[in-house]
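# Overview (structure and organization)
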Number of protein chains: 2
Amino acid sequence: MSTMQDVANKAGVSKATVSRVLSGKGYVSQETKDQVFKAIEEAGYRPNLLARNLATSKSMCIGLVVTNTLYNGNYFSELISQAAKKLDANGRQLILVDGKHSAEEEREAIQFLHDLRCDGIIIYPRFLSVDEMDDIIDKYNKPVMVVNRKLRKHQSHCIYCDHKGSGLQSTRALIERGHRNIAFITGSMDSPTAIERLSGYKEALSAAGLPVNDALIIPGKWTPASGAAAVEALLAGGQTFSAILASNDDMAIGAMKKLNEAGIAVPADVSVIGFDNIPTAPFLIPALSSVKDPVSDMVSEVISQIISMLDGGYLSDQNKFVSELILRESVTSGPYLKPR
Amino acid sequence: MSTMQDVANKAGVSKATVSRVLSGKGYVSQETKDQVFKAIEEAGYRPNLLARNLATSKSMCIGLVVTNTLYNGNYFSELISQAAKKLDANGRQLILVDGKHSAEEEREAIQFLHDLRCDGIIIYPRFLSVDEMDDIIDKYNKPVMVVNRKLRKHQSHCIYCDHKGSGLQSTRALIERGHRNIAFITGSMDSPTAIERLSGYKEALSAAGLPVNDALIIPGKWTPASGAAAVEALLAGGQTFSAILASNDDMAIGAMKKLNEAGIAVPADVSVIGFDNIPTAPFLIPALSSVKDPVSDMVSEVISQIISMLDGGYLSDQNKFVSELILRESVTSGPYLKPR
DNA sequence: TTGTAGGCGTTATCAT
DNA sequence: ATGATAACGCCTACAA
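What counts and how
- Residues numbered from 1 in each chain as written.
- Chains lettered and ligands numbered in written order.
- Predicted model: local features only at pLDDT ≥ 70, side-chain atom pairs only at ≥ 80, totals over all residues.
- Heavy atoms only, no water.
- Near = heavy atom within 4 Å.
- Polar contact = N/O pair within 3.5 Å; in protein donor to acceptor, adjacent residues only side chain to side chain.
- Nonpolar A, V, L, I, M, F, W, Y, C, P; charged D, E, K, R; others polar.
- Least-squares fit on C-alpha atoms with pLDDT ≥ 70 in both.
- Contact = heavy atoms within 4.5 Å.
- Domains from an automatic or database assignment.
- Buried area = accessible area lost by both parts, 1.4 Å probe.
- Salt bridge = Lys/Arg side-chain N within 4 Å of Asp/Glu carboxyl O.
- UniProt positions renumbered as here; feature names shortened; annotations may be inferred.
- Helix = DSSP H or I, 4+ residues; strand = E, 2+ residues; numbered from the N terminus.
- Phe/Tyr/Trp six-rings, centres within 6.5 Å; stacked < 30°, edge-to-face > 60°.
- Buried < 20%, exposed > 50% of the residue type's maximum accessible area, 1.4 Å probe, protein only.
- 1 Å grid on protein atoms, 1.4 Å probe; cavity = no way out; pocket = protein on both sides within 12 Å on 5 of 7 lines; lining within 4 Å.
- Points joined across faces, edges and corners; volume = space filled by probe spheres on them.
- Axes fitted to C-alpha atoms, helices over the stretch in contact; angles between N-to-C directions.
- Parallel < 35°, antiparallel > 145°, perpendicular 65-115°, else oblique.
- Left-handed = near helix turned anticlockwise from the far one by under 90°.

Right, let's get into the protein's contact with DNA strand D. Residues in close proximity to DNA strand D total 26 residues, the closest being Met4 and Tyr45 of chain A together with Thr17, Arg20 and Tyr27 of chain B. At a separation of 2.6 Å, a phosphate oxygen of DNA strand D approaches a polar side-chain atom of Tyr45 of chain A. Within the side chain of Arg20 of chain B, an N or O atom sits 2.4 Å from a base oxygen of DNA strand D. For the surface near DNA strand D, a count of residues per class yields 12 nonpolar, nine polar and five charged.

This is the structure:
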């Protein structure tokens, strides 16, 4: 690997001059510029980014910590592609690090990014508490932004979506359309998102003066299989319900399948709403309504803010995103269903 | 940020000693070790990986170039999560770089990884020609592996899946089950994968003495919408067909939807096979057969080989993967269908 | 406009 | 067992 010194020798100038030519800063005569470029060409010279970053203590890289359990399908790919695209448009690179399966490992991932001297860090947390993240933001001297969580202290360093509100909104939509017995399939309950969606559901019921029936709340694990199992449990329990609110589309899909197998029509007999609005779902199940989780918007905003911080700008406080309920035929009122 | 020198001062030793303690190489008395650790703790010291990498010219990072058009759903997320997991198990990090929309940009992505002094590079190419990749492998002095393409020169630096073979295999399966008029929905024809799958289809027909009917070959673009459009074109053209082979599952899903809308039953009237075997598809369409693309296996193998090279090992030549045809009810022979 | 020299934070090779 | 000291390759005042 040829270095800057090699180029300098070949061009008959000093390292500093080569550096100037490359960075475009400082004055350099056109003549020497040409010589230098020629030498660069001849030497097949390529700058060593490690050395440059060390010297400047900048890396033009933004780290993203995502925890493994999220590495799933459309949601994840949209998150990543959005981040990569947006950063790239700013001449920066994305470094993706896996937060794996625990708070400790999420901490390590952040530490790694820190040790790598990333210009900024985006955390899409799974196990880390908001308080700890507030601490991390305090300690770290470069921009850190948290996605999908509302922080207590550093309110402008996070961006989130009102999951409780969307649980409330979608439940309310079902109620308004005449549903009284609405089953709810939860996500993994170690996830704040799952908890918030459930609480929105409960609150909407209470607000409408409807009872919260625990037998209609079935634990799921975000997967299609767990959605199917939930419906199976519902049917086995002989529950009466005319609608199902599943905490994500994958589970809604699993639920749909079980309903079909049981000869229960959607939406004629029962209505289903999911969350996330994955693109292929409505293609297959026109009847599936969904609450669109605004991942791309959130990621996009987070990156804008990091870049703004790096450029010495201020952070906005507009950090709460709302998700949009996309109603399809599904929510038309079905008959109260007592499965056979 | 405190440096090694700070720690050394605090502990009353030299930088070199601190370095020894940290790396575990060389002798250092237990006593000084303790002092150093204490000093590290007090100073909140964290090693600067940039400096370390510069000094060692190693980065413990492996770069992965994936082109944007692949940033899609399950296939992509499986690719990434597999890579991240496997590398992590070897104490290394994944750096994901976007190859964007052209050969030039793919080149730049590789260059970037090179300049970053990654220990190795994995290329999942889209626009780069195999010849150019052979050149790149020649020039680069660290491990480079290419996924999903068969190279001419560096046969052991690539790993690929026999897409033609799987097109052949799935077409043959349909023929064996009595289908004579098999429609084919292509992928984007600028993709070698799409071309190979199509050629497998044609070859299987010819081998069985069946005519290749161009009117049954409809161009698609990998998306569900294009799959739906393809079926629409098929129906509009009044074509007779009892089976559809779609070049991926997303298009198969779109095709299924159109068939349903047209009142054509799957598999009773027509059989459908897709490619990739995305996990939610069979959940939605039990009748959808699919050819499983062995992404995870390929990525896993590629990483093993890179790690082996880094450790001075040899490369295996077992670099051809076969995909598995997963038959569901779909391929039972349907009646020759002349759409109304 | 160009060159010199010191620094970025490590590692690694010598001595001691 | 420990300490100087020279790399690693680049940037950046400061001088010339």
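There is more to say after this.
What follows covers the relation of the copies chain B and chain A. When chain B is fitted to chain A, the residual RMSD is 0.1 Å, and the transformation amounts to a turn of 180° plus an axial shift of 0.0 Å. Classification of the inter-copy transformation places it as that of a two-fold axis. Taking C-alpha positions as the reference, the residue of chain B nearest the rotation axis is Gly73 of chain B, at 2.3 Å. The residues that chain B uses at the interface reappear at the interface of chain A in 98% of cases, marking a shared surface.

Residues and elements named next belong to chain A. Under the domain assignment used here, chain A contains domain 1 (4-47), domain 2 (61-161) and domain 3 (163-293). In this structure, domain 2 and domain 3 have C-alpha centres spaced 29 Å apart. Listed by partner, the interface residues are eight residues for domain 2 and 12 residues for domain 3. Between domain 2 and domain 3 lies a buried interface of about 800 Å² when both sides are counted; carbon and sulfur atoms form 39% of it. Inspection of the region where domain 2 meets domain 3 yields one salt bridge. For the pair domain 2 and domain 3, the number of links is five residue pairs in polar contact (both at pLDDT 80 or more). Classifying every residue of the side of domain 2 that touches domain 3 gives three nonpolar, three polar and two charged.

With that out of the way, let us pick up the UniProt feature "domain: HTH cro/C1-type" (unreviewed entry) in chain A. In the numbering adopted here, UniProt assigns the feature "domain: HTH cro/C1-type" (unreviewed entry) to residues 3-32 of chain A. Each end of residues 3-32 of chain A is marked by a C-alpha atom, and these two atoms are 18 Å apart; helix forms 67% of the span and strand 0%.

Here the focus is the protein's contact with DNA strand C. In the vicinity of DNA strand C lie 25 residues, with Thr17, Arg20 and Ser29 of chain A together with Met4 and Tyr45 of chain B positioned nearest. Here, DNA strand C places atoms within 4 Å of the protein, and 64% of those atoms are sugar or phosphate. With respect to DNA strand C, the side chain of Thr32 of chain A contributes an N or O atom lying 3.0 Å from a phosphate oxygen. Within the contact set of DNA strand C, a phosphate oxygen lies 2.7 Å away from a backbone nitrogen or oxygen of Met4 of chain B. Considering each element in turn, the surface near DNA strand C owes the most residues, four residues, to helix 4 (residues 49-56) of chain B.

Take the packing of aromatic side chains next. For any pair of aromatic rings, the description rests on two quantities: the centre-to-centre distance and the angle between the ring planes. All names here are of chain B. Tallied over the full model, the rule gives five aromatic pairs over all chains. With centroids separated by 6.4 Å and ring planes inclined at 85°, the aromatic side chains of Tyr75 and Tyr124 adopt a geometry described as edge-to-face. Of this pair, Tyr75 sits in helix 5 (residues 73-88) while Tyr124 is found in strand 3 (residues 120-124), placing the two residues 49 residues apart along the sequence. Judged by relative accessible area, which is 13%, Tyr75 ranks as buried. Tyr124 gets classed as buried once you look at its relative accessible area, which sits at 4%.

This brings us to the interface of chain B and chain A. Tallying the contact residues gives 48 residues for chain B and 47 residues for chain A. Both sides together, the interface formed by chain B and chain A hides about 4,500 Å², and carbon and sulfur atoms give 69% of it. The salt bridge involving Lys100 of chain A is made with Asp88 of chain B; its shortest N-O contact spans 2.6 Å. Taken together, the connections running from chain B to chain A amount to six residue pairs in polar contact (both at pLDDT 80 or more). Sorting the residues of the side of chain B that touches chain A by element identifies helix 4, helix 5, strand 2 (93-98), helix 6 (103-115), helix 10 (224-236), helix 11 (249-261) and helix 12 (281-284) of chain B as the ones contributing at least two each. Per element, the largest residue contribution to the side of chain B that touches chain A is nine residues, and it comes from helix 5 of chain B. Looking at the side of chain B that touches chain A residue by residue, the class counts come to 26 nonpolar, 13 polar and nine charged.

Let us now look at empty space enclosed by the protein. With a probe scaled to a water molecule rolled over the atoms, the places where space remains empty come into view. Counted according to the given criterion, the structure contains three cavities of 30 Å³ or more. Each pocket or cavity is described by its volume, and for the largest cavity that value is around 130 Å³. Along the walls of the largest cavity sit 14 residues, with Leu50, Ile95 and Leu116 of chain A together with Ile95 and Leu116 of chain B positioned nearest its centre. For the lining of the largest cavity, the elements supplying multiple residues, two or more each, are helix 4 (49-56) of chain A together with helix 4 of chain B. Considered class by class, the residues forming the lining of the largest cavity number 10 nonpolar, four polar and no charged.

Residues and elements named next belong to chain A. At a minimum axis distance of 7 Å, the contact between helix 8 (residues 163-176) and helix 9 (residues 192-207) shows a crossing angle of 40°. The angle between the axes of helix 8 and helix 9 places the two elements in the oblique class. Helix 8 and helix 9 meet at a crossing whose hand is right-handed. Residues His163, Lys164, Gly167, Leu168, Thr171, Arg172 and Ile175 of helix 8 lie in contact with helix 9, whose contacting residues are Thr193, Glu196, Arg197, Ser199, Gly200, Tyr201, Glu203, Ala204 and Leu205. For the contact of helix 8 with helix 9, the per-class residue count stands at five nonpolar, six polar and five charged.

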